[in-house]
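Coordinate inspection notes
Here is how the chains run, residue by residue.
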Amino acid sequence: QAGSFSDIYCKEGHQGPLCQVCSEEDHYFHDEEEQCTECPSLQNSLLLLFIICLAAVALNAVITIIMSRKGVLELYINLVASLNIEAKLKLIVSFFQILASLEDVYGVKLDSRLTAWTDVLLKYMSLDFLQIIGFPTTCIGSTRQQLLIGALWPYMLVLVGAIG
């Protein structure tokens, strides 16, 4: 809204109670830079997505070739079973899920020395595909489109894995 009360306090191009809403349509609020930034081009993001899918198919093919060699699959299964990786992985995922929600749910702000290294891991453990490739979700469109992409990308990943 033009002429709203928050316009007095916000920088040009910003609005809202915390000045974190961008006035221009193709812009999003960048948390680290604390300003509105132009959305990345869709073509570059689609190219990156294509490269990631191609790399996933190639990796799947290499793993299939390696595992098809005599004795390698049996050795791998014995190694995984002896290390009990599944239980350890569940603990790590649970830890990072709790760590990621502390500030949002409980209002607890952790020391920056801890969050400096965990932020990188949280980015990739969040399983938010758009965040992983660095595409801001607010640049997609409506909330419905964002939810659809967030809900359907794991199925697309399985499809790419099945093709490879």
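Residues numbered from 1 in each chain as written. Predicted model: local features only at pLDDT ≥ 70, side-chain atom pairs only at ≥ 80, totals over all residues. Heavy atoms only, no water.

1. Some thoughts on unusual backbone geometry
What counts here: The helix and strand labels rest on DSSP assignments: H or I over at least four residues marks a helix, E over at least two residues marks a strand, and numbering proceeds from the N terminus.
Even without a glycine there, the phi angle at Cys 19 is positive, about 60°. Within the secondary structure, Cys 19 sits in the loop between strand S1 (14–15) and strand S2 (21–22).

2. Comments concerning the state of the cysteines
Under the convention used in this document: Working definition: a disulfide is two cysteine sulfur atoms within 2.5 Å of each other. Relative accessible area decides the class of each residue, using a 1.4 Å probe on protein chains only: under 20% of the type maximum gives buried, over 50% gives exposed, and in between gives partly exposed.
On inspection of all chains with the given rule, the structure shows three disulfides. Sulfur-sulfur distance for the disulfide between Cys 10 and Cys 19 comes to 2.0 Å. Between Cys 10 and Cys 19, the S-S torsion sits near -80°, and that sign places the bridge as left-handed. Considered together, Cys 10 and Cys 19 belong to a single accessibility category, that of buried residues. Between the sulfur atoms of Cys 22 and its disulfide partner Cys 36 the distance amounts to 2.1 Å. Judged by the sign of its S-S torsion, about -105°, the bond between Cys 22 and Cys 36 is left-handed.

3. Remarks on the nonpolar core
Spelled out, the test is: By nonpolar core we mean a set of buried residues, namely Ala, Val, Leu, Ile, Met, Phe, Trp, Tyr and Cys, connected to one another through side-chain atoms within 4.5 Å. Residues are treated as being in contact if the distance between any of their heavy atoms lies within 4.5 Å.
The biggest cluster of nonpolar side chains holds six residues, and these are Tyr 28, Cys 39, Leu 130, Ile 133, Phe 135 and Cys 139. Those residues in contact with Cys 39, other than ones at most four positions away along the chain, are Asp 26, His 27, Tyr 28 and Cys 139.

4. Considerations on the confidence of the model for the protein chain
Definition in use: Each residue carries a pLDDT value, the predictor's own confidence for that position, ranging from 0 to 100.
Averaged over all residues, the pLDDT of the protein chain equals 79, while 88% of them reach at least 70. Across the protein chain, the element-wise mean pLDDT spans from 69 in helix H5 (residues 129–132) up to 89 in strand S4 (residues 35–38).

5. A few points about a negative patch on the surface
Filter applied, for reference: Each patch is built from residues that are more than 30% exposed by relative accessible area and take part in no salt bridge. Like charges join if they lie within 9 Å; nonpolar side chains (Val, Leu, Ile, Met, Phe, Trp, Tyr) join within 5 Å. Here the Shrake-Rupley method, with its probe set to 1.4 Å, supplies the accessible areas, and only the displayed protein chains count as covering residues. For this analysis, a salt bridge means a side-chain nitrogen from Lys or Arg found within 4 Å of a carboxyl oxygen belonging to Asp or Glu. His is not counted here, nor are the chain ends, while Lys and Arg score as positive and Asp and Glu score as negative. Here the site of a charge means atom NZ of a Lys, CZ of an Arg, CG of an Asp or CD of a Glu.
Together, Glu 12, Glu 24, Glu 25, Asp 26 and Glu 38 make up a region of like negative charge exposed at the surface. If you trace the backbone, Glu 24 turns up in the loop between S2 and strand S3 (27–30). By relative accessible area, Glu 24 is classed as partly exposed at 45%.

6. So, the side chain of His 14
Going by this rule: Within 3.5 Å is the distance limit for a polar contact, defined as a pair of N or O atoms, with the added protein rule that one can donate a hydrogen and the other accept it, and that residues adjacent in sequence qualify only through two side-chain atoms.
Position of His 14 among the secondary structure elements: in strand S1. One polar contact links the side chain of His 14 to the main-chain carbonyl oxygen of Glu 12, over a distance of 3.3 Å. A distance of 3.0 Å separates a polar side-chain atom of His 14 from the backbone nitrogen of Cys 36.

7. Focus on the pairing of S3
Residues in a regular strand point their side chains to alternate faces of the sheet. Applied cut-off: At least two DSSP bridges between two strands are required for those strands to pair.
Across four bridges, S3 lies against S4 in antiparallel orientation. From the neighbouring strand, His 30 faces S4, where its bridge partner is Gln 35. The turn linking S3 back onto S4 is made up of four residues, and Glu 34 within it adopts a positive phi angle of 55°.

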